[in-house]
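The lines below spell out each chain.
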Amino acid sequence: MHFNIVTLFPEFFPGVNGGALSGKALEKNIWSFATTNLRDFAVNDYGSVDDTPFGGGAGMVIRPDVMAAAIDSIPEKTRGRIIYFSPRGAKLTQQMAREFSKENNLTLICGRYEGLDQRAIDEYEMIELSIGDYILSGGDLAAQIFIDTLVRLLDNVVSKTDSLNDESFETGLLEYPLFTKPAAWRGRNVPEVLLSGHHKNIDDWRRDQATRITKERRPDLLNADSAKAKKSV
């Protein structure tokens, strides 16, 4: 899998993706990346890539001609789908990550300032994505999170694929509580069912715990599953 990253800060990459699982996968060429410096396509000697918004308002907007020049410098055959990280985009989910992880090439647009001229978004049919209901200084951190989310789903990255299937959001529920040695610690004991060796009882306990935690912390996930079930009937 290859990522083209359009950014004002190419030195930010690979960032956290250069270590741990994603870093090892990068060394093994399971995935690769190339950065395109938006500043290389500035409209003047001062390195300007943005301008004031038409209609007034605070902040600056990335120019469409600058962004287009940066994107066009990436060979079309290795460009793939173009993703623009924006707080108004659809919120990234694990299901979406699994779909994106099937792509061979993706181009990631790391915005800055107030955002990107809408004409560039429309021209390149960009997919707008958000990683959560909060604001970052730019799309670079979002891109690193997105890359990590996808890379760990690629073959030969996570050694035990079963661990991927049991994680939060994979089953529509948050993950159940986890325990390891010692069995007794500071007066707190591991639940007896986990020491029983009875796999069905353990599975039932974990499912019940996952449902309880999801109901307490993310009831919207349960409501979403109910809505899907009604639509399928």
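Up top is the structure.
Quantities reported herein were computed from a predicted structural model and do not represent experimental measurements.

(A) Examining the overall build of the protein more closely. From N to C terminus, the protein includes nine helices and nine strands. Expected size for 233 residues packed as a compact globule is a radius of gyration near 17 Å; at 22 Å, the protein overshoots this value by more than 25%. Along the first, second and third principal axes, the C-alpha set of the protein runs to 70 × 40 × 40 Å. Of all 233 residues assigned to the protein, the portion counted as buried reaches 38%. Long-range contacts, defined as pairs at least 24 residues apart, comprise 74% of the intrachain contacts of the protein with a sequence gap of at least 6. Counting only carbon and sulfur atoms, one obtains 50% of the accessible surface of the protein, whose full area is about 14200 Å². A gap of 8 Å separates the mean positions of the 28 positive and 33 negative side-chain charges of the protein.

(B) Broad picture of the packing of aromatic side chains. What the rule picks out here adds up to six aromatic pairs. Taking 5.5 Å as the distance between ring centres and 65 degrees as the angle between the ring planes, the aromatic pair formed by F85 and F146 counts as edge-to-face. With F85 in strand β5 (residues 81–91) and F146 in helix α5 (residues 140–151), this pair connects stretches of sequence that are 61 residues apart. Like F146, F85 is buried. Aromatic rings pair up to connect F3, W31 and F33 into one cluster.

(C) Inspection of the layout of surface pockets at higher detail. In this structure, the second largest pocket occupies an estimated 420 Å³ of space. Residue lining of the second largest pocket: 25 residues in total, with Y84, F85, S86, P87 and L136 positioned closest to the centre. Only β5, α4 (118–123) and β7 (127–130) provide two or more residues apiece to the lining of the second largest pocket. No other element matches β5, which puts five residues into the lining of the second largest pocket.

(D) Focus on the sheet that holds strand β2 (residues 32–37). The strand order across the open sheet formed by five strands is β2-β1-β6-β5-β7, and the pairing between neighbours is parallel. In this open sheet, the two edge strands, each paired with only one partner strand, are β2 and β7. Along the sheet, successive strands turn relative to each other by an average axial angle of 35 degrees, direction set aside. Across six bridges, the pairing between strand β1 (residues 2–7) and β2 is parallel. Note on β2: the bridge partner recorded for V6 is T36. Each of β1, β5, β6 (105–109) and β7 touches α5; the most contacted strand, β1, lies at about 175 degrees to it.

(E) Geometry of the environment of G139. Relative to the helices and strands, G139 is located in the loop between β7 and α5. G139 sits in the buried class, given a relative accessible area of 4%. Considering only alpha carbons, one finds G139 and A25, 114 residues apart in sequence, at a separation of 23 Å.

(F) A look at helix α2 (residues 64–72). The complete set of buried residues in α2 reads V66, M67, A68, A70 and I71. In this structure, the buried residues of α2 make contact with β1, β2, β4 (61–62), β5, β6 and α4.

(G) Representation of the pattern of salt bridges. The full count for this structure, using the stated rule, is twelve salt bridges. Linking D117 and R119 is a salt bridge whose minimum nitrogen-to-oxygen distance equals 2.8 Å. Since its relative accessible area comes to 15%, D117 is described here as buried. Looking at R119, the relative accessible area reads 53%, which means it is exposed. One salt-bridge network, held together by shared partners, links D51, R63 and D65.

Conventions and cut-offs
- Residues numbered from 1 in each chain as written.
- Predicted model: local features only at pLDDT ≥ 70, side-chain atom pairs only at ≥ 80, totals over all residues.
- Heavy atoms only, no water.
- Helix = DSSP H or I, 4+ residues; strand = E, 2+ residues; numbered from the N terminus.
- Rg over C-alpha atoms; globule rule 2.2 N^0.38 Å.
- Buried < 20%, exposed > 50% of the residue type's maximum accessible area, 1.4 Å probe, protein only.
- Contact = heavy atoms within 4.5 Å.
- Areas by Shrake-Rupley, 256 points an atom, 1.4 Å probe, with all protein chains shown as cover.
- Lys, Arg positive; Asp, Glu negative; His and termini not counted.
- Charge placed at Lys NZ, Arg CZ, Asp CG, Glu CD.
- Phe/Tyr/Trp six-rings, centres within 6.5 Å; stacked < 30°, edge-to-face > 60°.
- 1 Å grid on protein atoms, 1.4 Å probe; cavity = no way out; pocket = protein on both sides within 12 Å on 5 of 7 lines; lining within 4 Å.
- Points joined across faces, edges and corners; volume = space filled by probe spheres on them.
- Pairing = 2+ DSSP bridges.
- Axes fitted to C-alpha atoms, helices over the stretch in contact; angles between N-to-C directions.
- Salt bridge = Lys/Arg side-chain N within 4 Å of Asp/Glu carboxyl O.

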